[in-house]
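Each chain, letter by letter, is given below.
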Amino acid sequence: MIRYRSTRATASGGETDLGFGEVLLAGLAPDGGLYCPVDIPALSDLAPVTAGTPYAEAATTIIAPYVAGTFDEAELGEMVTAAYAGFRDPDICPIHRLEPDQYLLDLTRGPTLAFKDMALQLVARMLDAELERRGEHVTVIGATSGDTGSAAIEALAGRANIRVVILHPLGRVSEVQRRQMTTVDAANISNLAVRGTFDDCQDLVKAAFADTVLRSELKLAAVNSINWARVVSQIPYYVVAARRVSPDGGPVSFAVPTGNFGNVLAGWYGKRMGLAVDRFVVASNRNDVLTRFFETGRLIIESVEPSLSPSMDIQVSSNFERLLWEAGGRVGEAITELITALRTSGRVEVPASWCQVIASDFDGLRLDDEGTLAVIADVLRTTERLVDPHTAVGIHAARKLGKHGVPMVTLATADPAKFPDAVESATGRRPELPPHLAELFDRTEHYDVIDNSSDSLAAALRGER
Ligand SMILES: *Cc1c(COP(=O)(O)O)cnc(C)c1O
């Protein structure tokens with residue numbers, strides 16, 4: 001049975017030996033770290049996943065060892081089947097060939113039109129099942145740069161054991177994104193618009209978790225991409241995509257539009273499980289902290305600049321801590337020191353030996369807004385496909401860094417209809433929302449605006465306003 005440990009656990013203590021159920025409920029570790037699996041299962045020890053394996057079956061096989069001891073394979077299988085039953089494509093995540101060696105893995109067929117549904121539809125069911133069994137309830141609190149919030153709300157609305165409070169940066173998410181969150185009329189859902197950036201929202205959530213009184217009073221839980229359950233739910237589509245574009249098992253590369261580093265990290269775990277992956281290309285917009293890291297070995301936090309791909313407007317990529325922990329040989333003391341230095345001075349030099357480990361798997365590339373519009377237009381011209389700005393950033397990186405003869409798969413992370421203004425200005429075509437969202441602009445919105453301060457958040461959480 002796989003056990004989990006916190007990236008900040010040290011030789012003398014900390015969170016070192018947890019089961020999946022505890023990790024699922026806790027989200028962030030009390031020591032401030034992120035939970036990671038101590039053992040990583042090998043694909044070769046699992047039932048084979050082939051090009052023809054249905055998605056739900058592949059996902060059940062791949063996730064099962066990570067959740068053993070909490071859910072058996074049959075229980076997991078039922079949740080997986082239910083999670084993907086409502087997707088708008090029988091393949092769940094269809095793959096399209098764009099040009100020679102270039103493919104698009106479409107992760108946008110879930111209810112909120114972004115790849116976040118791939119994980120959250122499943123995580124919501126896991127959370128509900130575990131709470132039901134324990135006879136407990138929680139307050140799920142999460143920060144969103146746009147898409148996590150709507151995917152979490154959609155997946156968690158109406159669930160009896162879960163209250164949901166989602167923070168988004170006021171005025172910095174697209175109107176479709178905001179309305180998808182604020183028009184869901186369920187008693188267990190609250191939206192808070194924070195006067196600040198996404199990083200501010202994420203810091204407020206982290207501070208709420210660090211407040212032990214508040215944390216236990218409200219039984220705080222997280223479904224942000226720091227929650228391991230989300231990362232693990234994203235591993236299967238890398239395996240499935242690789243099998244489909246390379247049935248003989250030859251290496252594949254992935255280009256991933258990246259913000260909090262949760263998506264591409266899942267792919268990297270797939271590689272650790274034995275998947276043949278040549279390169280992971282981390283694609284960023286002008287908020288290019290990771291691209292600069294790959295170029296220099298230094299993490300330097302700058303201010304967040306709004307872009308056409310708002311779900312990637314992030315400077316503090318939380319999940320990167322998991323990769324650093326692995327690259328540094330799993331030494332909690334070193335991670336604590338490095339992250340503390342980063343948080344206090346806004347910059348840190350990553351040890352050269354860690355950088356080497358990371359560089360053996362990852363490349364980074366940035367694209368500004370002008371380039372993003374040009375790629376959207378070019379993809380329409382050459383493939384007759386509309387893509388959203390996040391996906392366009394990924395396609396650009398895939399085209400620049402793809403190698404001849406190695407299939408390169410770009411992950412499509414949002415439907416173009418979520419970002420109609422950018423897509424229209426690039427192509428002159430305005431993508432339409434699917435029928436289930438057609439009345440989005442007629443529905444009533446529900447949200448409160450709060451200041452960027454822990455006190456304002458605590459008051460809102462306690463219902464003191
Ligand atoms: C969340 C999101 C991303 C970034 O994913 P991470 O896992 O945070 O790196 C990219 N594109 C879209 C559309 C998203 O919603």
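Residues numbered from 1 in each chain as written. Predicted model: local features only at pLDDT ≥ 70, side-chain atom pairs only at ≥ 80, totals over all residues. Heavy atoms only, no water.

(A) A look at the overall build of the chain. In terms of regular secondary structure, the chain is built from 18 helices and 15 strands. In terms of C-alpha radius of gyration, the chain reaches 20 Å, essentially the compact-globule figure of 23 Å for 465 residues. Each principal axis of the C-alpha distribution contributes one length, and for the chain these read about 55 × 55 × 50 Å. When burial is assessed residue by residue, the chain has 62% of its 465 residues classed as buried. The long-range share in the chain, meaning contacts at least 24 apart out of those at least 6 apart in sequence, stands at 76%. Accessible surface, the chain: about 17000 Å² in total, of which carbon and sulfur atoms supply 48%. Counting 44 positive and 61 negative side-chain charges, the chain places the averaged centre of each group 2 Å from the other. (Helix = DSSP H or I, 4+ residues; strand = E, 2+ residues; numbered from the N terminus. Rg over C-alpha atoms; globule rule 2.2 N^0.38 Å. Buried < 20%, exposed > 50% of the residue type's maximum accessible area, 1.4 Å probe, protein only. Contact = heavy atoms within 4.5 Å. Areas by Shrake-Rupley, 256 points an atom, 1.4 Å probe, with all protein chains shown as cover. Lys, Arg positive; Asp, Glu negative; His and termini not counted. Charge placed at Lys NZ, Arg CZ, Asp CG, Glu CD.)

(B) The site of the ligand, seen in detail. As a matter of local geometry, the ligand sits amid 15 residues, with Lys116, Asp147, Gly259, Asn260 and Asn263 nearest to it. Separating an oxygen atom of the ligand from a backbone N or O atom of Asn260 is a distance of 2.7 Å. Thr413 is positioned with one of its side-chain polar atoms (N or O) 2.9 Å from a nitrogen atom of the ligand. A total of 380 Å² of accessible area belongs to the ligand in isolation, and the protein chains cover 97% of it. Per-class residue counts for the shell around the ligand are 5 nonpolar, 8 polar and 2 charged. (Near = heavy atom within 4 Å. Polar contact = N/O pair within 3.5 Å; in protein donor to acceptor, adjacent residues only side chain to side chain. Nonpolar A, V, L, I, M, F, W, Y, C, P; charged D, E, K, R; others polar.)

(C) Main features of the nonpolar core. In this structure, Phe20, Tyr66, Met126, Tyr237 and Phe254 are the most contacted members of the largest nonpolar core, which totals 107 residues. With 12 residues, the top contributor of residues to this core is helix α9 (residues 228–245). Apart from residues lying up to four places away in sequence, Tyr66 is in contact with Ile2, Tyr4, Phe20, Pro37, Ile40, Pro41, Trp228, Val232, Ile235 and Met273. In this structure, Leu34, Val165, Ala208 and Ala460 belong to the second largest nonpolar core, which totals 25 residues. (Core = buried A, V, L, I, M, F, W, Y, C linked by side-chain atoms within 4.5 Å.)

(D) Representation of the packing of α9 against helix α10 (residues 262–272) within the structure. Running from N to C, α9 and α10 cross one another at 60°; their axes reach a closest spacing of 8 Å. In this structure, the crossing between α9 and α10 has a hand that is right-handed. Listed contacts from α10 to Trp228, Val231, Gln234, Ile235, Tyr237 and Tyr238 of α9 are Gly262, Asn263, Val264, Leu265, Ala266, Gly267, Tyr269 and Gly270. Residues of the contact of α9 with α10, tallied by class, amount to 9 nonpolar, 5 polar and no charged. (Axes fitted to C-alpha atoms, helices over the stretch in contact; angles between N-to-C directions. Left-handed = near helix turned anticlockwise from the far one by under 90°.)

(E) The environment of Ala266, seen in detail. Its place among the elements puts Ala266 in helix α10. Given the relative accessible area of 0%, Ala266 is considered buried. For the pair Ala266 and Tyr238, spaced 28 residues apart in sequence, the C-alpha separation works out to 8.0 Å. Beyond its immediate stretch of four places on either side in the chain, Ala266 contacts Val231, Gln234, Ile235 and Tyr238.

(F) Just the layout of surface pockets, in detail. Each pocket or cavity is described by its volume, and for the largest pocket that value is around 390 Å³. For the largest pocket, the lining is made up of 25 residues, of which Arg8, Lys206, Glu321, Ile339 and Arg343 are closest to its centre. Breaking the lining of the largest pocket down by element, the ones donating at least two residues are α7 (198–210), α11 (289–296), α12 (320–327) and α13 (332–345). A per-element tally of the lining of the largest pocket places α13 first, with 4 residues. Across the lining of the largest pocket, the residue classes break down as 15 nonpolar, 5 polar and 5 charged. Of the volumes computed, that of the second largest pocket is approximately 340 Å³. Ser174, Lys418, Phe419, Pro420 and Asp421 are the residues nearest the centre of the second largest pocket, which is lined by 22 residues in total. The set of elements that each furnish at least two residues to the lining of the second largest pocket consists of α6 (175–182) and α17 (420–427). Partitioned by chemical class, the residues of the lining of the second largest pocket number 12 nonpolar, 3 polar and 7 charged. (1 Å grid on protein atoms, 1.4 Å probe; cavity = no way out; pocket = protein on both sides within 12 Å on 5 of 7 lines; lining within 4 Å. Points joined across faces, edges and corners; volume = space filled by probe spheres on them.)

(G) Representation of the packing of α12 against helix α14 (residues 352–359) within the structure. It is the contact of α12 with α14, at a shortest axis distance of 9 Å, that shows an interaxial angle of 110°. If you check the angle between α12 and α14, you find them roughly perpendicular. The two elements α12 and α14 cross, and the hand of that crossing is right-handed. From α12, Phe320, Leu323, Leu324 and Ala327 reach across to α14, where they touch Trp354, Val357 and Ile358. For the contact of α12 with α14, the per-class residue count stands at 7 nonpolar, no polar and no charged. (Parallel < 35°, antiparallel > 145°, perpendicular 65-115°, else oblique.)

(H) Molecular detail of the sheet that holds strand β15 (residues 448–450). Strand order in the open sheet formed by 5 strands is β8-β5-β6-β7-β15, with parallel pairing between adjacent strands. If you trace the sheet from one side to the other, it starts and ends with β8 (220–221) and β15, each paired once. (Pairing = 2+ DSSP bridges.)

(I) Expanded view of the pattern of salt bridges. Applying the stated rule across the entire model yields 29 salt bridges. Between Arg8 and Glu321 there is a salt bridge whose closest N-O contact spans 2.8 Å. Of this pair, Arg8 sits in the loop between β1 (4–6) and α1 (20–26) while Glu321 sits in helix α12, and the two are 313 residues apart along the sequence. Like Glu321, Arg8 is buried. Close ionic contact of Arg366 with Glu295 constitutes a salt bridge, the shortest N to O distance being 3.2 Å. (Salt bridge = Lys/Arg side-chain N within 4 Å of Asp/Glu carboxyl O.)

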